[in-house]
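Observations on the three-dimensional arrangement
Chain residues, written in single-letter form:
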Amino acid sequence: MAPTDARRSVLRHLDVTGVNTSARAEARSRQNVLPPITTYRWWARRTEAVTGALIDAANVDLPGRLVVADPFTGGGVIALAALVRGHRVYAQDINPWATQNLTTMLSLPAADRLEPAADRLRAAVSHLLETAYSTSFEDGTPATVAHTLRVAEVACPKCRDAVRLFPTGIVSLTERVDLAGKVGWLACPSGHLQFGPADRCTRCRTCKRTIDPTARYTTGRRFRCQCGYSGRIWEAGEIRWLPILVERTVSGRREIGPPTEHELAVAADTSWPNQRCLPAIMPGTETTALRRYGMTRWDHVMPRRQRAVINALVDAIDPAAAGDTAVASTLYAAVLGSVEMAGYLSRWDARYLKAYEAIANHRYNVTTLSAEPNVWGAPQSGRGTVGRRLAHLAKAGNWYAERLGRIPSVVGPLPAGQRRSIGSRTVDVRVVVGSSTRLLAVSNSIDLVCTDPPYHDDVKYGELSEIFRAWAGLDTSRVDGEAVVTTDAVDTDAYEATLTQAFHEMRRALKPDGHLVLSYANRDPAAWVALFSALQAAGFTAIGFQVVHAENDVDHAKAHRRACNLDLILDLVVADDRPLEKFAAQGSQARTEEDDFCRTLGRIALQIGSLKGPWREKLQHTVATHPFVARGKDTT
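Quick summary incoming for the structure in this document. Given the structure is predicted, the values throughout are model-derived calculations rather than measurements. (Residues numbered from 1 in each chain as written. Predicted model: local features only at pLDDT ≥ 70, side-chain atom pairs only at ≥ 80, totals over all residues. Heavy atoms only, no water.)

1. Thoughts on the overall build of the protein chain
Under the convention used in this document: Strands are runs of DSSP state E lasting at least two residues, helices are runs of H or I lasting at least four, and both sets are numbered from the N terminus onward. Here the globule rule reads 2.2 Å times residues to the power 0.38, and the radius of gyration is calculated from C-alpha atoms. Type-normalised accessible area, obtained with a 1.4 Å probe on protein chains alone, sets the label of each residue: buried when under 20%, exposed when over 50%, and partly exposed for intermediate values. Any pair of residues with heavy atoms lying within 4.5 Å of one another is described as a contacting pair. Note on areas: Shrake-Rupley, 1.4 Å probe, and residue coverage restricted to the protein chains presented here. Residues scored as positive are Lys and Arg, those scored as negative are Asp and Glu, and His as well as the terminal groups of each chain are ignored. By convention, the point assigned to a charge is CZ for Arg, NZ for Lys, CD for Glu and CG for Asp.
Scanning the protein chain from N- to C-terminus turns up 19 helices and 25 strands. Computed over C-alpha atoms, the radius of gyration of the protein chain comes to 26 Å, within 12% of the 26 Å expected from 2.2 N^0.38 for 636 residues, which places it in the range of a compact globule. Considering only C-alpha atoms, the protein chain reaches an extent of 85 × 60 × 40 Å along its principal axes. Residue burial in the protein chain is summarised as follows: out of 636 residues, 58% are buried. A sequence separation of at least 24 residues applies to 71% of the contacts in the protein chain between residues at least 6 apart. For the protein chain, the exposed area adds up to about 25200 Å²; of that, 50% sits on carbon and sulfur atoms. Each charge class in the protein chain was averaged separately, 77 positive and 68 negative side chains, and the resulting centres sit 3 Å apart.

2. Notes on helix 12 (residues 386-404)
Applicable threshold: Helix span, expected: 1.5 Å multiplied by one less than the number of residues in the helix.
If you check helix 12, its first and last C-alpha atoms are 27 Å apart, about what 19 residues at 1.5 Å a residue would give, namely 27 Å. Among all positions in helix 12, only Val386, Arg389, Leu390, Leu393, Ala394, Ala396, Gly397, Trp399, Tyr400 and Leu404 are buried. Where helix 12 is buried, its residues meet helix 2 (30-33), helix 4 (77-84), helix 5 (96-105), helix 6 (111-124), helix 10 (304-321) and helix 11 (325-337). At the exit of helix 12 stands Gly405, carrying a positive phi of roughly 75 degrees.

3. Some points on the pattern of salt bridges
Quick reminder of the rule: A pair is scored as a salt bridge if a Lys or Arg side-chain nitrogen falls within 4 Å of a carboxyl oxygen belonging to Asp or Glu.
The tally for this structure, following the rule as stated, stands at 36 salt bridges. In this structure, Arg46 engages Asp452 in a salt bridge whose closest nitrogen and oxygen atoms are separated by 3.9 Å. You can see Arg46 sitting in the loop between helix 2 and helix 3 (48-61) and its partner Asp452 sitting in the loop between strand 21 (446-451) and helix 13 (461-464), a full 406 residues away along the chain. Of the two residues, Arg46 and Asp452, both sit in the buried class. The partner of Asp178 in a salt bridge is Arg176, with the nearest N and O atoms 2.9 Å apart. Asp178 sits in the partly exposed class, given a relative accessible area of 45%.

4. With respect to the packing of helix 3 against helix 4
Just so we agree on the cut-off: Lines fitted to C-alpha atoms define the axes, with helix axes restricted to the stretch in contact, and inter-axis angles between N-to-C directions lie between 0 and 180 degrees. Each angle is binned into one of four classes, with values under 35 degrees roughly parallel, values over 145 roughly antiparallel, values of 65 to 115 roughly perpendicular, and all other values oblique. If you view the pair so one helix is near and one far, a crossing is left-handed when the near helix is turned anticlockwise from the far one by less than a right angle, and right-handed when it is turned clockwise. For this classification, the nonpolar set comprises Ala, Val, Leu, Ile, Met, Phe, Trp, Tyr, Cys and Pro, the charged set comprises Asp, Glu, Lys and Arg, and every other residue, Gly included, is treated as polar.
Put simply, helix 3 and helix 4 touch, their axes get as near as 9 Å, and they point 55 degrees apart. Classified by the interaxial angle, the pair formed by helix 3 and helix 4 is oblique. Pair helix 3 / helix 4 crosses with right-handed handedness. On helix 4, the residues touching Glu48, Thr51, Gly52 and Ile55 of helix 3 are Val77, Ile78, Ala81 and Ala82. The residue makeup of the contact of helix 3 with helix 4, split by class, is five nonpolar, two polar and one charged.

5. Section: the sheet that holds strand 7 (residues 170-173)
Working definition: the strands of a sheet are paired by backbone hydrogen bonds and lie parallel or antiparallel to each other. Filter applied, for reference: Criterion used throughout: strands pair if DSSP finds at least two bridges between them.
One open sheet holds the three strands; their spatial order is 7-8-9, and the pairing between them is antiparallel. Every interior strand has two partners, whereas the edge strands, strand 7 and strand 9 (193-197), have only one. Sheet twist, expressed as the average angle between the axes of neighbouring strands with direction ignored, equals 30 degrees. Where strand 8 (residues 183-187) and strand 9 come together, five bridges link them in antiparallel fashion. Counted as the bridge partner of Leu186 is Gln194 from strand 9.

6. With respect to the pairing of strand 8
For a regular strand, the rule is simple: side chains alternate between the two faces of the sheet. Taken across its five residues, strand 8 has four buried, putting it largely inside the fold. Bridge analysis of strand 7 against strand 8 gives three bridges, and the strand direction is antiparallel. Among the inter-strand pairings, Leu173 is bridged to a residue of strand 8, identified as Gly184. Where strand 8 folds back on strand 9, the antiparallel hairpin that results is connected by five residues, among which Gly191 adopts a positive phi of roughly 95 degrees.

7. Focus: the sheet that holds strand 21
Across the sheet, eight strands lie side by side as 19-20-3-2-21-22-24-23; this open sheet has mixed pairing. Of all strands in the sheet, those with a lone pairing partner are strand 19 (410-415) and strand 23 (541-549), marking the two edges. Here the strands of the sheet are splayed against their neighbours by 20 degrees on average, with no regard to which way each runs. Taken strand by strand, helix 5 contacts strand 3 (88-93), strand 19 and strand 20 (429-433), and its axis lies near 160 degrees from that of strand 20.

8. Topic: the environment of Ala155
Its place among the elements puts Ala155 in strand 5 (residues 142-155). Contact partners of Ala155, with chain neighbours within four places excluded, come to Arg160, Asp161, Ala236 and Arg240.

9. Section: the nonpolar core
Which entries qualify depends on this criterion: Only buried residues count toward a nonpolar core, which is a set of Ala, Val, Leu, Ile, Met, Phe, Trp, Tyr and Cys residues joined through side-chain atoms within 4.5 Å.
If you look at the biggest cluster of nonpolar residues, it comprises 120 residues, and the most contacted ones within it are Leu106, Leu121 and Leu331. With nine residues, helix 10 is the largest single contributor of residues to this core. Every residue in contact with Leu331, bar those within four places of it in the chain, is listed here: Leu114, Ala117, Ala118, Leu121, Ile317, Ala320, Ala321 and Leu390. By size, the runner-up hydrophobic cluster in this structure holds 54 residues, among which are Ile446, Ala530, Ala538 and Cys564.

10. Focus on the state of the cysteines
The test is simple: Any two cysteine sulfur atoms within 2.5 Å of one another count as a disulfide.
Here the structure, examined in full by the defined rule, presents zero disulfides. With no disulfide partner, Cys201 has as its closest neighbouring cysteine sulfur the one in Cys188, 13 Å distant.

11. Some details on the environment of Val433
Residue position: Val433 is located in strand 20. For Val433, a relative accessible area of 24% gives the class partly exposed. When the C-alpha atoms of Val433 and Leu499 are compared, they prove to be 17 Å apart, with 66 residues separating the residues in sequence. Residues within four places of Val433 in sequence aside, it is in contact with Asp93, Ile94, Pro96, Thr99, Pro413, Leu414, Pro415 and Ala416.

Written as structure tokens, this is what we have:
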């Protein structure tokens, strides 16, 4: 580029219509479109359709093999998108769960290496699985336990009677509602369980009270006893988890019914030895819900049977891998990932007969009707189980072979505090663990920083990852310096300060012709002020903006909520003596309130680098009074 040429935004190359169409399709089938992301749980993944298109757009103006950096790597989609396009990758995150598993995700072995090891792993624990989950259907035919449903029971503080805390009138259908299921197991307000129709009100055969399948019994985390007492669940004392239904399966057949004496005995904690204690659950925004219910250590969130099977699988991994480190890492990812289906936390979907993970809705989910899974998985049932995870990862390893034609070279996680270096050109990906306020990359070494900074207080990545870090033997203390805060002014200042330092580092590492392209979505005025201020303080100037479809408008965490479904994409550079040719999203007509909101912020963002006067107050007012924000301040 000649010194007199204007700096132009790479976003002018973006085919927004095509990107949005691809993003919507990908969001509905992430594990099939992008198989490697099944390696580990993360909470804010962009689509490869968007991130890949951004990298391709930059590659038009910056031809050749680029060095692409994502200093907030999280779920690793940007690193993955850059890798499959043949670029060199620098990926960094402060959270060791993200960096350890990103290294695994980008080094997945092909199925012909993983599948034999998976078979050896299962064989090593086959006797334990048989002991833990073998059962029979009601007619005596052999079957496997797929899920054990447990209801919370407390003693009423007033009359001391035991109260079963069924959350709703319908406990579980016996066939999915979309397969014409209309009958199943129901609970009356007194906690009696019976089989019957789930599409109309009936009468309890024990106490004669009306059973309304749509009734909610524990609204607001409160319960009512027959004696008239009403109070908060966690204030009633010790909670007991009683097995009340068991899902039994074989290939082509499933049955849901009350547990047999044998199933009750096997499910009881007394049938399983005490195991090693995991770290304490520290108080926090999300973890407080667990502590309220008496869960003070991470081993408290699941029954002993589940813990015993997971521990046995962990112990069997290294022998099963037979010295293949990539295979061992993949086996660990599958087994440790299964702990998100914690048996006292996983919520049972009564109408669709499946369990949701303990961190559904990006929150630690505490329910009074939980589903303990068969850890390995059972025929035709077992979402999130080890067997299914390994099957997905085998496909993902083959996907790499098809896309790359070779095994990528990945190093890390390297500590961010070590001496900075340029990295070997023979290495495809360098993974670094540590705060992005210090990058391991040397100055003027990165062509493109493509990233999505943490969105203020929206997701507590550190807290949500603690359950995994506890089982993985990683540090479970709060992630010091994480760029996610609560909404008070002091923490927002800290969020802005962290972003400013991180953007300073990105500016240092960028080449003179490099670009910082980032995506952002939020409905909090303070978040936008902090972002714009941090970018300007770090010395960046905005030269373009675009609005694209976000990663997952069908995500369970966003369903039925006034959530952000669009992303504002910003393109920024370090200004020099060359003129700037700024680019704005094409089309003057906004199609929705959210589209208008993003375009409004984009036009303001084009002033980054020259924001002056009371711009903070004006931006705060613009965000707070926009209809997209003003009409739904109760959700994010």
